[in-house]
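# Residue-level structural notes
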Amino acid sequence: MLGLELIVVIGAALVACRVGAQRSGIAAPILLLAAGVLLGFVPAFTGLELPSAVVLLLFLPALLWWEAMNTPLREIRKFRRGILLTGTLLVVITAAAVAATAHAFGLPWGPAWVLGAALAPTDATAVGVVSRLLPRRHLTVLRAESLINDGTALVLFGLAVGVVAGEQHLSALHIGWELVVSYAGGIIAGALAATVGVFVRRFITDTLAASTIFFLIPFTGYLLAELVHASGVLAAVAAGLIVSQTSPIYGTAPARRQVFAFWGLVTFMLNGALFVLIGIEAHPAVGGLDGTGLLRALAMVLAIAAVMTATRIAFLFVSAYLIRAVDRRPQQRLLRMSDRARIVSGLCGFRGAVSLAVALAVPHTLDSGAPFPERDTIVFVTFGVIIVMLMPAFALPAVIRWARYPADTRFDDELALARTETTTAAIEALPRLADETGADPEAVRRLDAEMREHLDALDTGADGDPAEAARLREDYDRLRLAVIGEKRATMIRMRNERRIDDAVLRRMQAALDIEEVRLLADPGDDED
């Protein structure tokens with residue numbers, strides 16, 4: 001019954017923390033971690049250990065796939081140099097800094113490098129802590145960095161564990177080859193899974209079947225990558241980026257609605273459950289240490305968190321100014337950010353799922369039968385640093401205000417441009433479409449008048465006072481929502497009076513729900 005109890009308790013924690021975050025303003029992951037720590041005191045959950053394979057094979061493919069699906073590829077291309085540097089070189093430097101700090105506290109070099117590899121990558125899902133506080137450009141760079149740095153960290157982890165076990169040798173050539181296999185193999189596996197999935201979807205019209213194919217793509221890519229000893233994480237990311245470009249072309253509207261609704265719920269639950277489990281797992285991590293070892297591990301947590309933050313901030317400054325010194329092209333200057341913004345980026349180096357999975361993947365024993373040296377310390381310090389690195393989220397709203405980001409109106413400008421040009425193109429194509437479909441002239445006249453009225457409203461918003469245009473749009477949407485509410489109430493009354501059937505109500509309700517979702521759509525959501 002433990003599994004059923006855990007599902008119910010975690011589900012209740014997700015709801016409570018979601019509501020608590022909305023009302024208190026505290027980041028949801030922090031509340032979820034606290035809930036997990038409290039749940040760890042419940043006798044039924046004492047000693048609960050989450051297998052690393054569950055994190056690597058269930059949580060990561062789904063979460064990283066969805067993050068990749070919602071990360072703009074255009075922005076990744078634009079900032080690719082900085083993203084590649086932080087996703088590769090910064091990971092190695094961070095792992096080295098953590099290893100050196102841990103070694104100063106008495107950890108042998110091998111376990112110290114294992115710990116460094118576990119804590120080196122930032123977490124794509126934990127970035128959601130600041131998703132509504134940062135400008136879109138800044139958030140995209142943080143997410144993209146988190147999507148690609150996992151492959152580097154996992155290679156370092158495999159090498160470090162191999163060295164401790166006496167199975168690996170370290171050399172620049174060996175490390176370089178492992179990275180090439182990890183990145184190239186992962187990207188190829190993800191591209192292959194996405195290509196096959198998209199090809200098959202072109203011939204599938206059934207919504208449920210198409211959605212199932214969509215579901216299988218990240219796990220297929222992960223499996224293919226693992227079979228060739230490449231990075232399954234990068235395979236899921238590559239597949240997500242490819243499908244994000246092809247889904248609007250080959251997918252159907254019903255399938256897209258179903259997929260976005262399904263994945264939005266699934267990733268919310270998986271991400272939240274992962275933070276709760278991190279909190280629960282903190283208890284057995286503490287239990288594996290004695291008094292002296294626990295004090296040393298606590299000191300290591302604080303020291304390593306400080307070193308990681310300082311290393312990240314220093315790297316962001318040094319790399320930026322080196323790029324400025326080398327590349328003085330005008331287009332490069334447009335990509336620059338302020339020093340204050342770099343401080344914010346330095347504080348946003350949250351750790352999460354990958355670090356958790358890597359720490360849990362440290363073997364209990366070596367092939368010789370001897371226990372893996374300092375495993376309990378590695379696990380505890382990893383959990384502790386994950387928690388401590390989330391603490392700056394409390395101060396980030398104030399720090400972001402201090403950073404004084406310039407107003408970011410590009411999304412709104414491009415959204416207005418897209419609405420205007422698509423409506424204009426539709427009006428120009430209406431006579432041709434009417435001939436092709438054989439539509440009645442009265443239907444054509446009504447649709448033409450409706451689209452021209454919509455275009456006039458868009459033009460007014462573009463040419464007039466932006467504040468007044470925004471107020472008019474809000475009033476219009478509010479009135480439309482009130483009208484939808486009145487329609488829904490009338491429809492339910494008719495059903496209750498037995499004037500219409502439940503099937504009719506469901507069909508009408510689906511249409512009203514679509515319209516309501518469109519009106520309530522948040523422009524800040526990437527998937528909209």
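A short tour of the structure in this document, coming up. None of the values given here were measured: they were computed from a predicted structure.

Rules and cut-offs
Counting restarts for each chain: residues are numbered from 1 in the order of the written sequence. pLDDT decides what is reported in this predicted model: residues at 70 or higher carry local features, side-chain atom pairs at 80 or more are listed and counted, and totals for whole chains, interfaces and linings draw on all residues regardless. To obtain the side-chain values, all non-hydrogen atoms of the structure were included, while hydrogens and water were left out. Note on bend: the value at a residue is the angle between axes fitted to the seven residues ending there and to the seven starting there. Strands are runs of DSSP state E lasting at least 2 residues, helices are runs of H or I lasting at least 4, and numbering of each runs from the N terminus. Here an axis means a line fitted to C-alpha atoms, over the contact stretch when the element is a helix, while the angle between two N-to-C directions is reported on a 0 to 180 degree scale. Should an angle fall under 35 degrees it is called roughly parallel, over 145 degrees roughly antiparallel, and 65 to 115 degrees roughly perpendicular, with every other angle called oblique. It only takes one pair of heavy atoms within 4.5 Å for two residues to be counted as in contact. By the convention adopted, Pro, Cys, Tyr, Trp, Phe, Met, Ile, Leu, Val and Ala count as nonpolar, Lys, Arg, Asp and Glu as charged, and the other residues, Gly among them, as polar. Working definition: with a 1.4 Å probe on protein chains only, accessible area under 20% of the residue-type maximum means buried, over 50% means exposed, and in between means partly exposed. Throughout this description, the term nonpolar core refers to a set of buried Ala, Val, Leu, Ile, Met, Phe, Trp, Tyr and Cys residues connected via side-chain atoms within 4.5 Å. Crossing handedness is read from the near helix: turned anticlockwise from the far helix by less than a right angle, it gives a left-handed crossing, and turned clockwise, a right-handed one.

### With respect to helix 18 (residues 410-437)
The sharpest bend along helix 18 comes to roughly 50 degrees, located at Leu430, with the proline Pro431 sitting one to four residues further on. One or two positions beyond helix 18, positive phi appears at Gly438, with a value near 65 degrees.

### Considerations on the packing of helix 15 (residues 353-360) against helix 16 (residues 375-390)
As a packed pair, helix 15 and helix 16 sit with axes 9 Å apart at the nearest point and diverge in direction by 170 degrees. On the basis of the axis angle, helix 15 is roughly antiparallel to helix 16. Across the interface between the two elements, Ser355, Leu356, Ala359 and Leu360 of helix 15 pack against Arg375, Val379, Thr382, Phe383 and Ile386 of helix 16. Of the residues assigned to the contact of helix 15 with helix 16, the class counts are six nonpolar, two polar and one charged.

### Quick word on the environment of Met300
Checked against the element boundaries, Met300 lands in helix 12 (residues 291-326). For Met300, a relative accessible area of 0% gives the class buried. With 199 residues separating them along the chain, Met300 and Thr101 place their C-alpha atoms 7.8 Å apart. Once you skip the residues sitting within four places of it in the chain, Met300 turns out to touch Ala102, Phe105, Leu107, Leu115, Thr377 and Val381.

### Some words on the nonpolar core
Formed by 117 residues in total, the largest nonpolar core has its most connected members in Trp65, Val114, Leu115, Ile304, Leu356 and Val381. In this structure, Val114 is in contact with Phe157, Ala160, Val161, Val164, Val362, Phe372 and Ile378, ignoring residues within four places of it in sequence. Counting five residues, the second-largest nonpolar core is a separate cluster that includes Ile484, Met491, Leu512 and Leu519.

### Side note on the packing of helix 5 (residues 80-104) against helix 6 (residues 109-119)
Contact geometry of helix 5 with helix 6 gives a least axis separation of 7 Å together with a crossing angle of 135 degrees. Comparing their axes, helix 6 and helix 5 come out oblique. At the point where helix 5 passes helix 6, the crossing takes the right-handed sense. On the side of helix 5, the interface is formed by Ala95, Ala96, Val98, Ala99, Ala100, Ala102 and His103, while helix 6 contributes Trp109, Ala112, Trp113, Leu115, Gly116, Ala117 and Leu119. For the contact of helix 5 with helix 6, the class distribution of residues is twelve nonpolar, two polar and no charged.

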